[in-house]
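Residues per chain, in single letters:
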Amino acid sequence: MELNKCSRCGAFFTSNDVVCPNCEAQERLELSKLKDFLAENNVPTTSVEQISCSTGIAEKNVIRFLSQGEIN
Ligand SMILES: [Zn+2]
């Protein structure tokens, strides 16, 4: 099994996820919040800063969600 470093808190854990089990709930919550926001605000030019401000999700996590390609 591979050791991964949590993208949120930096803890090490063993699974194929991006975040550790402690952060999983928050990760899902923010991801769905971000998806809702993008669905309601169909603006491709919305900046990361604006998204972060409107959703309360940290900019680094917004960037990570977007770069993971989970948002379409
Ligand atoms: Zn974590």
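Residues numbered from 1 in each chain as written. Predicted model: local features only at pLDDT ≥ 70, side-chain atom pairs only at ≥ 80, totals over all residues. Heavy atoms only, no water.

Novice: How would you explain the packing of aromatic side chains if you had to name every residue and give the values?
Specialist: Under the criterion given, the structure shown has 0 aromatic pairs. R64 extends its terminal NZ or CZ atom over the ring of F65, reaching a point 5.2 Å from the ring centre. (Phe/Tyr/Trp six-rings, centres within 6.5 Å; stacked < 30°, edge-to-face > 60°. Lys NZ or Arg CZ within 6 Å of the ring centre and 35° of its normal.)

Novice: Describe the coordination of the zinc ion, listing the residues and the values that go with them.
Specialist: Binding of the zinc ion to the protein goes through C6 (SG), C9 (SG), C20 (SG) and C23 (SG), at separations of 2.3 Å. One can describe the site at the zinc ion as tetrahedral: its 4 donor atoms subtend angles covering 107 to 112° at the metal. On the primary sequence, the residues serving as donors to the zinc ion are separated as C-x2-C-x10-C-x2-C. With C9 in the loop between β1 (4-5) and β2 (12-13) and C23 in the loop between β2 and α1 (24-40), this residue pair connects regions lying 14 residues apart in the sequence. Owing to a relative accessible area of 11%, C23 belongs among the buried residues under this scheme. (Donors = N, O, S within 2.8 Å, 3.2 Å for Na, K, Ca; no water. Tetrahedral: all angles 85-135°; square planar, octahedral: opposite > 155°, others 65-115°. Helix = DSSP H or I, 4+ residues; strand = E, 2+ residues; numbered from the N terminus. Buried < 20%, exposed > 50% of the residue type's maximum accessible area, 1.4 Å probe, protein only.)

Novice: How would you sum up the pattern of salt bridges? Please name residues and give values.
Specialist: Inspection of every chain in the model, using the stated rule, returns 4 salt bridges. Note that E27 and R8 form a salt bridge whose closest N and O atoms lie 3.2 Å from each other. Residue E27 is located in helix α1, and its partner R8 is located in the loop between β1 and β2; the two are separated by 19 residues in the primary sequence. In this structure, E27 and R8 share a single accessibility class: buried. The partner of E30 in a salt bridge is R8, with the nearest N and O atoms 3.0 Å apart. Of this pair, E30 sits in helix α1 while R8 sits in the loop between β1 and β2; the two residues are 22 residues apart in sequence, bridging distant segments of the chain. Accessibility classification places E30 together with R8 in one group, the buried group. One salt-bridge network, in which partners are shared between bridges, spans R8, E27, E30 and R64. (Salt bridge = Lys/Arg side-chain N within 4 Å of Asp/Glu carboxyl O.)

The values reported here are purely geometric and, on their own, carry no functional implication.
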